[in-house]
Amino acid sequence: MSAQNVRDAVIIGGNRIPFARAHSAYATAGNQDMLTSTLNGLVARFGLQGQQLGTVAAGAVMKHSKNFNLTRESVLGTPLDPKTPAFDVQMACATGMEAIGSLANKIKLGQIDSAIGGGVDSISDAPIVVTDELRGILMEANRAKTLSQRLKALSKIRPAHLAPQAPGVNEPRTGLSMGEHMAITAHAWGITRAEQDELALASHKNLAAAYDRGFFDDLVTPFKGLNRDNNMRADSTLERLGKLSPAFGRDLGEEATMTAANSTALTDGASAVLLGSEEWADAHDLPKLANFIDYEEGAVDFVDGAEGLLMAPAYAAARMLKRNNLRFEDFEYLEIHEAFASTVLAQIKAWESEEFCKNKLGLDSALGTIDRSRLNVNGSSLAAGHPFAATGGRIVASLAKELHGKPGKLGFISVCAAGGQGITAIIEGR
């Protein structure tokens, strides 16, 4: 297909349930419960009952083995036509962005006319597993052909084998948590505690203001008694934030800057975004908020310390902006996922650094200056929370709505991810 025949992929709208701090409002809800409810809200909002969509793609980072076909099973729990295909995606915290970006490309190429992309994650219902020793004994018992063989195998179980193992958030190749990795990067870039606390405060204030003016009225569906994200602290102050002790990088002593407040809380939640071709949206009398223009995946070598774990978006953005002949001054709004406040600040410093852009990105100059008044204007993950795979859908839906009514205005998205990966994207208002 020639470039001139590639059609627009339109962002029609989104839906999510309020995000909840882990082990709070959604303590008894699983991934399938939350994703199904989110899809049901989207179906109801856009009148999709009984319709067969091109496909639905979503995923979860923390997933039970019983959820092997999570997205398809969730779709079967909605009023969508059961002939709507669905599949799971997993790219750590960039799962939602990868689902939405790949679906947008399918629409552009004419492979499908409509799609839903999103994600879900539950810390409260994390897949706790048994020890390797107990699993080995249980498998031996399962293979036994006689009762005596089975009892002999089971007699090997010791109390220590029964200790459950919750999934960890440490990087398998370094043993460091994401927070400890980010503390190293923040220190290397000279990110101050004051900068991080100010960004965290702005996130809470912006999210609270957006709720108060009704911005999320058609983006969020109440779930299990929650109407708003329960991590949001509208009354937070710099004074309160400044009293918190460091949570990561404590080995840096007085130079440790990362606290629980300028880092995202572990969260449960789900989100989904409805996409379509322009023709499909018109045929169904649906709104067209924005076009999904482009996206880029990136990865860095963080294992030997050559680059920070969460700095992949810095590299992905450079390739994506070059391909589209853009600089940061060209964007009306920017959504940079607040995995940690220092993640946002380190990426911004990298993009605004002549030295980094020349030596690391191979550019002739810095990528431009980021207007902080256009950054995360409706709050971001520090306030809303970060159910890993659901963050991409939250960001795309909010940014598309913010750009709606501003034809031609551009929005930039950056989402970092575990494993030294990340995704950046461009959308354009209509």
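As the structure is a computational prediction, the values presented were derived from the model and not from experiment.

## A few points about the pairing of strand S11 (residues 410-417)
Here's step 1: In terms of burial, S11 is largely enclosed, as 8 of its 8 residues are buried.
Here's step 2: Neither face of S11 is exposed, since Leu-410, Phe-412, Ser-414 and Cys-416 on one face and Gly-411, Ile-413, Val-415 and Ala-417 on the opposite face are all buried.
Here's step 3: Pairing of strand S10 (residues 331-336) with S11, which is carried by 5 bridges, proceeds in the parallel orientation. Looking at the pairing, Glu-335 lines up with Ile-413 of S11.
Here's step 4: Sheet topology places S11 next to strand S12 (residues 421-429); 8 bridges connect them, and they run antiparallel. When the sheet's bridge partners are listed, Ile-413 is paired in S12 with Ala-425.
Here's step 5: Connecting the antiparallel pair S11 and S12 is a turn made up of 3 residues, with Gly-419 showing a positive phi of about 80 degrees.

## Re unusual backbone geometry
Here's step 1: The phi dihedral of Lys-224 is positive, around 50 degrees, even though this residue is not glycine.
Here's step 2: Among the structural elements, Lys-224 can be located in the loop between helix H7 (193-212) and helix H8 (238-242).
Here's step 3: Lys-224 sits in the partly exposed class, given a relative accessible area of 48%.
Here's step 4: In the Ramachandran plot, Asn-325 falls in the positive-phi region, its phi being about 55 degrees despite a non-glycine side chain.
Here's step 5: Turning to its location among the elements, Asn-325 is positioned in the loop between helix H10 (312-323) and S10.

## Let's talk about the layout of surface pockets
Here's step 1: Roughly 900 Å³ of internal volume is contained in the largest pocket.
Here's step 2: What lines the largest pocket is a set of 38 residues, and nearest its centre among them are Ser-263, Thr-264, Ala-265, Leu-266 and Phe-340.
Here's step 3: Contributions of two or more residues to the lining of the largest pocket are made by helix H6 (178-188) and H8.

## What about the packing of aromatic side chains?
Here's step 1: On inspection of all chains with the given rule, the structure shows 12 aromatic pairs.
Here's step 2: An angle of 70 degrees between the planes, with centres 6.1 Å apart, marks the rings of Phe-292 and Tyr-295 as edge-to-face.
Here's step 3: Residue class for Phe-292 comes out buried when judged on its relative accessible area of 1%.
Here's step 4: On the basis of relative accessibility, which here comes to 12%, the residue Tyr-295 falls in the buried class.
Here's step 5: Pairing Phe-328 with Phe-412 gives two aromatic rings, centres 5.0 Å apart and planes at 80 degrees, and the pair type is edge-to-face. Within this pair, whereas Phe-328 is found in the loop between H10 and S10, its partner Phe-412 is found in strand S11, the two being separated by 84 residues in sequence.
Here's step 6: A cation over a ring is seen here: Arg-16 above Phe-216, with NZ or CZ 5.5 Å from the ring centre.
Here's step 7: Here the guanidinium or amino end of Lys-224 rests over the ring plane of Phe-223, the centre of that ring lying 5.7 Å away.

About the thresholds
- Residues numbered from 1 in each chain as written.
- Predicted model: local features only at pLDDT ≥ 70, side-chain atom pairs only at ≥ 80, totals over all residues.
- Heavy atoms only, no water.
- Buried < 20%, exposed > 50% of the residue type's maximum accessible area, 1.4 Å probe, protein only.
- Helix = DSSP H or I, 4+ residues; strand = E, 2+ residues; numbered from the N terminus.
- Pairing = 2+ DSSP bridges.
- 1 Å grid on protein atoms, 1.4 Å probe; cavity = no way out; pocket = protein on both sides within 12 Å on 5 of 7 lines; lining within 4 Å.
- Points joined across faces, edges and corners; volume = space filled by probe spheres on them.
- Phe/Tyr/Trp six-rings, centres within 6.5 Å; stacked < 30°, edge-to-face > 60°.
- Lys NZ or Arg CZ within 6 Å of the ring centre and 35° of its normal.

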